[in-house]
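# Descriptive structure summary
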Amino acid sequence: MKPIWINKVREKQDKSGGIIPPTEIPTMKSLDKKSSNPAKDNIKSEKKEAGHAAKKSNITREQAWKLLKKYNKESFHLQHALTVEGVMRWYAKELGYADEEEFWGITGLLHDIDFELYPEEHCKRAPELLREAGVSEDMIYAVCSHGYGICSEEEPRLEMEKVLFASDELTGLIWSCALMRPSKSTMDMEVKSLKKKFKDKRFAAGCSREIISQGAERLGWEMDELFDKTIQAMRSCEASVAEAMEKEKK
Ligand SMILES: [Fe+2]
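In this text, all values refer to a predicted model and were calculated from it rather than measured experimentally.

Calculation rules
Residues numbered from 1 in each chain as written. Predicted model: local features only at pLDDT ≥ 70, side-chain atom pairs only at ≥ 80, totals over all residues. Helix = DSSP H or I, 4+ residues; strand = E, 2+ residues; numbered from the N terminus. Contact = placed C-beta atoms within 7 Å. Core = buried A, V, L, I, M, F, W, Y, C linked by C-beta atoms within 7 Å. Buried ≥ 20, exposed ≤ 12 C-beta atoms within 10 Å, placed from the backbone. Axes fitted to C-alpha atoms, helices over the stretch in contact; angles between N-to-C directions. Left-handed = near helix turned anticlockwise from the far one by under 90°. Nonpolar A, V, L, I, M, F, W, Y, C, P; charged D, E, K, R; others polar.

Helix and strand counts for the protein stand at 12 helices and zero strands. Secondary structure elements of the protein occur, N-terminal to C-terminal, as α-α-α-α-α-α-α-α-α-α-α-α. Here the contacts in the protein between residues at least 6 apart in sequence split such that 73% fall between residues at least 24 apart.

Time to look at the nonpolar core. Among the nonpolar cores identified, the biggest contains 56 residues, and Leu130 and Ile174 are the most heavily contacted of them. For this core, the element with the highest residue contribution is helix α9 (residues 159-180), accounting for 11 residues. When neighbours within four sequence positions are excluded, Ile174 is seen to be in contact with Thr186, Leu194, Thr230, Ile231 and Met234.

The next subject is the packing of α9 against helix α11 (residues 209-219). The N-to-C vectors of α9 and α11 enclose an angle of 145 degrees; their axes lie 8 Å apart at closest approach. In the crossing of α9 with α11, the sense of the turn from one axis to the other is left-handed. Contacts from Lys162, Val163, Phe165, Ala166, Glu169, Leu170 and Leu173 of α9 reach α11 at Ile211, Ile212, Gly215, Ala216, Arg218 and Leu219. Here the contact of α9 with α11 is built from residues that sort into nine nonpolar, one polar and three charged.

With respect to the secondary-structure elements, Ala205 resides in the loop between α10 (191-199) and α11. Taking C-alpha positions, Ala205 is 9.3 Å from Leu173, a pair spaced 32 residues apart along the chain.

On to unusual backbone geometry. Phi angles above zero are rare outside glycine, and Cys123 is one such case at about 75 degrees. Looking at where Cys123 falls in the secondary structure, it is placed in the loop between α6 (101-110) and α7 (126-132). By C-beta crowding, Cys123 is classed as buried, having 25 other C-beta atoms within 10 Å. A positive phi is found at Lys184, a non-glycine position, where the angle reads about 50 degrees. Checked against the element boundaries, Lys184 lands in the loop between α9 and α10. Residue classification places Lys184 among the partly exposed residues on the basis of 17 C-beta atoms within 10 Å.

Following this line, the structure appears as structure tokens:
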């Protein structure tokens, strides 16, 4: 979707002189640990939807990163893309789709590919940019579906598309909250403080609470579950995103 919260977050970043590296980041290995409960894993794999496993990207992660940078020069957009990629990778593993992690991640990386150059035609220009690079139609549909009801008519159908729809806007709100914290990080953020900011409509006002609520509803999750999981997902990639952005500065 059109990331309408961008200006608010950008203001915060500008005031602090660019991307703020996280401080005192503990290891996140614990968050990525595989479940030690085989019964739980079985339930997860049974949850998998037909058609999911056959999804192919037709583009490597390296090619996708180059493609993204061909159309996106602003560090804010690159950081957002990397964050959503990391979040999608975490969700793929969390929800029992570890074998599709690459597909989920690259979709997250490319989801806003047309926004910087064509903000008024967001999700409308993405198919041609992606098709030109040989990206699969499955991935193109998934990218477009994140703007359903706002700038696209492709409805999120698969769980990965619903996760992208729900978490894209939410990552913006969570990062805005993180920047308000002394740590400038999600690592010490709790669901209750995010809930407070979610209810405060004046905070990051451009970040649509309606879209986030719709996203949770599509997934059949309580808001708390979406908040909790997405905070964990952002923690899992905060350090690697900061590191990648540092590299881009050089
Ligand atoms: Fe986005």
